[in-house]
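Listed below, chain by chain, are the residues.
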Amino acid sequence: MSATLLLKQRHALIQQQLHADGRVLALDLARQLDVSEDTIRRDLREMAAAGLCQRVYGGALPLAPDGGTLTQRKQEAPERKARLAQAAVSLVRAGQVLFLDAGSTNLAIASALPELALTVITNAPAIAMALMERPEIELIMAGGRVDRRAGASLGPQALRTVERMHPDLCFLGACGADADAGVTAFNYDEAEFKRSIAGASKAVVVAVTSDKLGTAAPFGVLATGLLQHLVLEADADAAHVAAFERLGVQVLRARA
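Within every chain, residues take consecutive numbers counted from 1 along the sequence as written. With pLDDT at 70 or above as the cut-off, local features in this predicted model cover only qualifying residues; side-chain atom pairs require 80 or more to be listed or tallied, and sums for whole chains, interfaces and linings still use all residues. With hydrogens and water stripped out, all remaining heavy atoms of the structure feed into the side-chain values.

Glancing now at the packing of helix H5 (residues 78-88) against helix H6 (residues 104-112). Running from N to C, H5 and H6 cross one another at 55°; their axes reach a closest spacing of 8 Å. Between H5 and H6, the interaxial angle falls into the category oblique. Here the hand of the crossing between H5 and H6 comes out right-handed. Across the interface between the two elements, Lys 81, Ala 82, Leu 84, Ala 85, Gln 86 and Ala 88 from H5 touch Ser 104, Thr 105, Ala 108, Ile 109 and Ala 112 from H6. Residues are sorted three ways: Asp, Glu, Lys and Arg are charged, Ala, Val, Leu, Ile, Met, Phe, Trp, Tyr, Cys and Pro are nonpolar, and all the rest, Gly among them, are polar. Within the contact of H5 with H6, the residues separate by chemical class into seven nonpolar, three polar and one charged. Only the stretch in contact is used when a helix axis is fitted, and all axes are lines through C-alpha atoms; the angle between N-to-C directions ranges over 0 to 180 degrees. Segments assigned H or I by DSSP are reported as helices when at least four residues long, segments assigned E as strands when at least two residues long, and all are numbered from the N terminus. Each angle is binned into one of four classes, with values under 35 degrees roughly parallel, values over 145 roughly antiparallel, values of 65 to 115 roughly perpendicular, and all other values oblique. Note: crossing handedness is left-handed where the near helix turns anticlockwise from the far helix by less than a right angle, and right-handed where it turns clockwise. Residues are treated as being in contact if the distance between any of their heavy atoms lies within 4.5 Å.

If you want it as structure tokens, here you go:
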């Protein structure tokens, strides 16, 4: 049996276990496949480079789903996102300053905001447009170059707009969310912006559909210990919920 075939077999077995268990550990795989940890780490690097997984400390997670452009993401699972939004806005109180990050779920949150006097800061033109006809909301737009794929203003000018702001609640968009890997993103500039506004906020809220739970993208945004609220769908995996709650995150469930 050739070494190439053995390599393909290992990758296939790792992929199967990743699909079945939702994560793999290098040490366990080395014992299971009777190879060195260095061999497994090399396998995981190669699989990550091929877009088959996302490497994390000690092993790998499924790669976060890439939903495409904001226009495409808005068309996916709108009912599920609307239910997440209804659960998320239960945290909003009159007089608060909110930051609404770009993303299709956060766009649903903007549409679900209660009729309260609020200040909303956003770097997402679509969210700003959704709130333009809400006279009770003071709207602040973080400007700069717009990344069309992210649907957000990113870069130095957007960062300067928010660097002196301290929102009460930051509704942060996430490409992947996992108790070990934290909140992650696909885009480097987007991850940098998210880290900045999350760090300046009094509390951070992340609402994610179940397909993003237990997955990771290449760029870290926020460690789980810095996340206050996680809003999940009714069918969210209980093991993931328990893992976040053990780290002090308040988990809210959307209605079924």
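Once the structure has been displayed, the description carries forward.
Another aspect to go through is the sheet that holds strand E2 (residues 54-56). Whether two strands pair depends on DSSP finding at least two bridges between them. Across the sheet, which stays open at both edges, the three strands sit in the order E1-E3-E2 with antiparallel pairing between neighbours. At either end of the open sheet lies a strand with only one pairing partner, and these are strand E1 (24-25) and E2. In this structure, E1 lies alongside strand E3 (residues 59-61), joined through two bridges in antiparallel fashion. Bridge pairing links Val 24 to Ala 60 in E3. In the packing of helix H3 (residues 37-49) onto the sheet, the strands contacted are E1, E2 and E3, and the crossing angle to E2 comes to about 140°.

The next thing to look at is the sheet that holds strand E12 (residues 204-207). The strand order across the open sheet formed by seven strands is E6-E5-E4-E9-E12-E14-E15, and the pairing between neighbours is parallel. Edge positions in the sheet fall to strand E6 (137-141) and strand E15 (250-253), since each has one partner strand and no second. Across the sheet, the mean angle from the axis of one strand to that of its neighbour is 20°, orientation sign disregarded. Relative to E12, strand E9 (residues 169-171) runs parallel, the two sharing two bridges. Residue pairing in the sheet places Cys 170 in a bridge with Val 204 of E12. Against the sheet, H5 contacts E9, strand E14 (229-232) and E15, and its axis sits at roughly 145° relative to E14.

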